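# Notes for the structure review
One-letter residues, chain by chain:
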Amino acid sequence: MSQKVLVVDDEQSIVTLLKYNIEQAGYQVIVAYDGVQALEKVNEEKPDLVVLDVMLPEMDGIEVCKTIRSNKNQVPILMLTAKDDEFDRVLGLELGADDYMTKPFSPREVVARVKAILRRVGLVESNQLDDEDIVLGSIRIRPDFFEVYRDDELLELTPKEFELLLYLIERQGRVITREHMLNSVWNYEFAGDSRIVDVHISHLRDKLEENPKQPQFIKTVRGLGYKLERPKKND
């Protein structure tokens with residue numbers, strides 16, 4: 001069965017354009033035209049990915065994203081915004097969106113993003129990652145179950161956060177620039193906007209670290225990027 005994509009936008013022309021192009025790429029597409037309807041579709045249809053416009057009637061995309069994540073639903077979310085407003089984009093990422101695009105966009109680019117996100121999620125869910133548990137101090141990662149624990153507490157990571165964590169673990173001890181993370185984890189040039197990396201690193205620290213202000217795992221290397229380290233044992 002083909003994967004299911006929910007397209008949410010209040011502009012009929014955009015919905016029609018995206019639906020056609022995403023279906024041509026081999027995916028099943030369902031649609032919604034406002035925020036309330038979007039949440040109903042998420043609950044009823046269980047899509048594999050949501051393409052979500054920020055400016056919606058009834059309930060805007062930011063609130064939809066927030067509600068989805070508050071319900072412990074980690075479906076990947078690609079947000080669309082017509083605004084050239086950094087606050088909206090960063091806020092969407094802070095609330096758990098995996099990616100965003102600014103209108104106007106080409107349908108081909110949207111399809112490329114959809115494919116990239118679903119391909120990465122599929123690699124995790126089909127156990128094409130090393131299934132051996134990874135232990136970093138109090139953190140235990142179970143790649144085959146898409147789970148991360150701090151002590152015995154199961155942490156709620158989005159697919160993008162999980163992928164970023166595995167990327168850092170695979171390069172443990174090495175300094176990774178923001179640009180390398182953009183090209184490798186997001187799989188495309190993100191218009192030079194490395195702040196998307198900073199937002200996701202901040203998310204990971206909030207979830208992994210006992211004190212995100214003094215991180216034990218993900219360290220900032222000023223002027224260069226980030227590196228993941230094993231926490232030092234106390235003597």
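Looking at an unreviewed UniProt entry, the protein carries the name Alkaline phosphatase synthesis transcriptional regulatory protein, with the source organism given as Mammaliicoccus stepanovicii. UniProt annotates the protein under Subcellular location (unreviewed entry) with the comment "Cytoplasm".

### Notes on the overall build of the protein
What the protein contains, in helices and strands, is eight helices and 12 strands. Here the protein holds 235 residues, and the buried ones make up 49% of them. Considering only contacts in the protein between residues 6 or more positions apart, those separated by 24 or more positions represent 56%. Here the protein has roughly 12,000 Å² of accessible surface; of this, 46% comes from carbon and sulfur atoms.

### Points about helix H7 (residues 178-185)
When H7 is considered as a whole, its buried residues turn out to be Arg178, Met181, Leu182 and Val185. Projected down its long axis, H7 shows its buried positions confined to an angular sector of 100 degrees, all on one face.

### Concerning the UniProt feature "modified residue: 4-aspartylphosphate" (unreviewed entry) in the protein
In the numbering adopted here, UniProt assigns the feature "modified residue: 4-aspartylphosphate" (unreviewed entry) to Asp53. For Asp53, the location among the structural elements is in strand S3 (residues 49-53). Leave out the neighbours within four places in its chain, and Asp53 touches Val8, Asp9, Asp10, Gly61, Leu80, Thr81 and Lys103.

### Looking at the environment of Asn21
Looking at the element boundaries, Asn21 is found in helix H1 (residues 12-24). Residues Asn21 and Pro107, spaced 86 residues apart in sequence, show a C-alpha to C-alpha distance of 6.5 Å. Sequence-distant contacts of Asn21, that is, excluding residues within four places in its chain, are made with Pro107 and Val111. In this structure the side chain of Asn21 is engaged in a polar contact, spanning 2.8 Å, whose partner is the backbone oxygen of Leu17.

### A look at the sheet that holds strand S11 (residues 218-221)
With antiparallel pairing, the three strands of this open sheet are ordered in space as S10-S12-S11. Strands with a single pairing partner mark the edges of an open sheet, and in this sheet they are strand S10 (176-177) and S11. Summarising the sheet, S11 and strand S12 (residues 225-228) pair through four bridges and their orientation is antiparallel. Among the inter-strand pairings, Val221 is bridged to a residue of S12, identified as Gly225. In this fold helix H8 (residues 195-208) packs onto S11 and S12, with an angle of close to 140 degrees to the strand it touches most, S11.

### Let's talk about the pattern of salt bridges
On inspection of all chains with the given rule, the structure shows 18 salt bridges. One salt bridge connects Asp9 with Lys103, and the closest N-O pair in it is separated by 2.9 Å. Here Lys103 lies in the loop between strand S5 (99-102) and helix H5 (107-125) and Asp9 lies in the loop between strand S1 (4-8) and H1, a separation of 94 residues in the sequence. Each member of the pair, Asp9 as well as Lys103, is classed as buried. Here Glu109 ties to Arg113 by a salt bridge, and the two come within 2.9 Å at their closest N and O atoms. Taken together, the positions of Glu109 and Arg113, both in helix H5 and four residues apart, correspond to about one turn of that helix.

### Let's talk about unusual backbone geometry
With the exception of glycine, the majority of residues adopt a negative phi angle, and the majority of peptide bonds are in the trans configuration. Of note, the amide linkage connecting Lys103 to Pro104 takes the cis form, showing an omega dihedral of -5 degrees. In the Ramachandran plot, Lys46 falls in the positive-phi region, its phi being about 50 degrees despite a non-glycine side chain. Looking at where Lys46 falls in the secondary structure, it is placed in the loop between helix H2 (35-45) and S3. Judged by its relative accessible area of 56%, Lys46 is exposed.

The rules we used
Residues numbered from 1 in each chain as written. Predicted model: local features only at pLDDT ≥ 70, side-chain atom pairs only at ≥ 80, totals over all residues. Heavy atoms only, no water. UniProt positions renumbered as here; feature names shortened; annotations may be inferred. Helix = DSSP H or I, 4+ residues; strand = E, 2+ residues; numbered from the N terminus. Buried < 20%, exposed > 50% of the residue type's maximum accessible area, 1.4 Å probe, protein only. Contact = heavy atoms within 4.5 Å. Areas by Shrake-Rupley, 256 points an atom, 1.4 Å probe, with all protein chains shown as cover. Arc of directions from axis to C-beta. Polar contact = N/O pair within 3.5 Å; in protein donor to acceptor, adjacent residues only side chain to side chain. Pairing = 2+ DSSP bridges. Axes fitted to C-alpha atoms, helices over the stretch in contact; angles between N-to-C directions. Salt bridge = Lys/Arg side-chain N within 4 Å of Asp/Glu carboxyl O.

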